[in-house]
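Chain by chain, the residues:
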Amino acid sequence: MARARGEMHAVTLHVTKDKDGGYHFQPESDIWDESRDEFVFSKDRHDMGKHDYHLLEFVLDDQTGDGLRFPKVPHDAMWVVEGHEEPGQRTCPDMHSVCNYDVMEPISVSPHQRRLFVRNDNASQEHWAFTINVVKRGEDSADKNRFVSWDPGGNNQNGGSTRK
């Protein structure tokens, strides 16, 4: 049996702030589908095998001046629940959600808290809803009430060659 391998996907997360203080997140990645406001994971598209996995590296591009960073604890930086196929019908997780990290697992936050690493096994075709959290400079990264949050969707397409 072939050994599983990971396919790395860089996700630059541009964060801006409007004049009313509202935060806006704009991801830049080869797996981002702007029309559906979701990440699409396709093993076939990336020439991956059935047992391979996606690795995501979220890199903050903070253009707000607020010194945004990811919380130190990976499971605080990203909350994950099973989602709905249609973007308008997704219920994204919040601090009270019982998260399911069986398929999509935030595994590490870099020492300077500017990068978040996530593993997605993409084991079957399914939809996930998740929330990415950041904190402002000077805020306690353990205080979930102070998080600035963004909630895209995730569309696992599975696939992948059985020969790999």
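Only a predicted model underlies this, so the values are computations on that prediction, with no experimental measurement involved.

Side note on the overall build of the protein chain
Secondary structure summary: the protein chain contains one helix and eleven strands in total. For the protein chain, the N- to C-terminal ordering of α and β elements is β-β-β-β-β-α-β-β-β-β-β-β. Of all intrachain contacts in the protein chain linking residues separated by at least 6 positions in sequence, the fraction that spans at least 24 positions is 69%. Summed over its atoms, the accessible surface of the protein chain is roughly 8,500 Å², and 44% of this surface lies on carbon and sulfur atoms.

Thoughts on the pattern of salt bridges
Evaluation of the coordinates by the stated rule reveals seven salt bridges. Overlapping salt bridges, with partners in common, bring together Arg5, Glu7 and Asp52 in one network.

Some thoughts on the pairing of strand 4 (residues 38-41)
The two faces of strand 4 match: Glu38 and Val40 on one face and Phe39 and Phe41 on the other face are all buried. By the bridge criterion, two bridges tie strand 3 (residues 32-33) to strand 4 in an arrangement that is antiparallel. Paired with Asp33 across the two strands is Glu38, which belongs to strand 4. Taking the residues between adjacent antiparallel strands as the criterion, strand 3 and strand 4 are bridged by four residues, where Asp37 takes a positive phi near 55°.

Some details on the side chain of Thr131
The topology assignment puts Thr131 in strand 9 (residues 126-134). What makes Thr131 buried here is its relative accessible area of 2%. Here the side chain of Thr131 touches Pro93 through a polar contact of 2.7 Å, landing on its backbone oxygen. Residues within four places of Thr131 in sequence aside, it is in contact with Ala77, Met78, Trp79, Cys92, Pro93, Ser149, Trp150 and Asp151.

The rules behind each value
- Residues numbered from 1 in each chain as written.
- Predicted model: local features only at pLDDT ≥ 70, side-chain atom pairs only at ≥ 80, totals over all residues.
- Heavy atoms only, no water.
- Helix = DSSP H or I, 4+ residues; strand = E, 2+ residues; numbered from the N terminus.
- Contact = heavy atoms within 4.5 Å.
- Areas by Shrake-Rupley, 256 points an atom, 1.4 Å probe, with all protein chains shown as cover.
- Salt bridge = Lys/Arg side-chain N within 4 Å of Asp/Glu carboxyl O.
- Buried < 20%, exposed > 50% of the residue type's maximum accessible area, 1.4 Å probe, protein only.
- Pairing = 2+ DSSP bridges.
- Polar contact = N/O pair within 3.5 Å; in protein donor to acceptor, adjacent residues only side chain to side chain.

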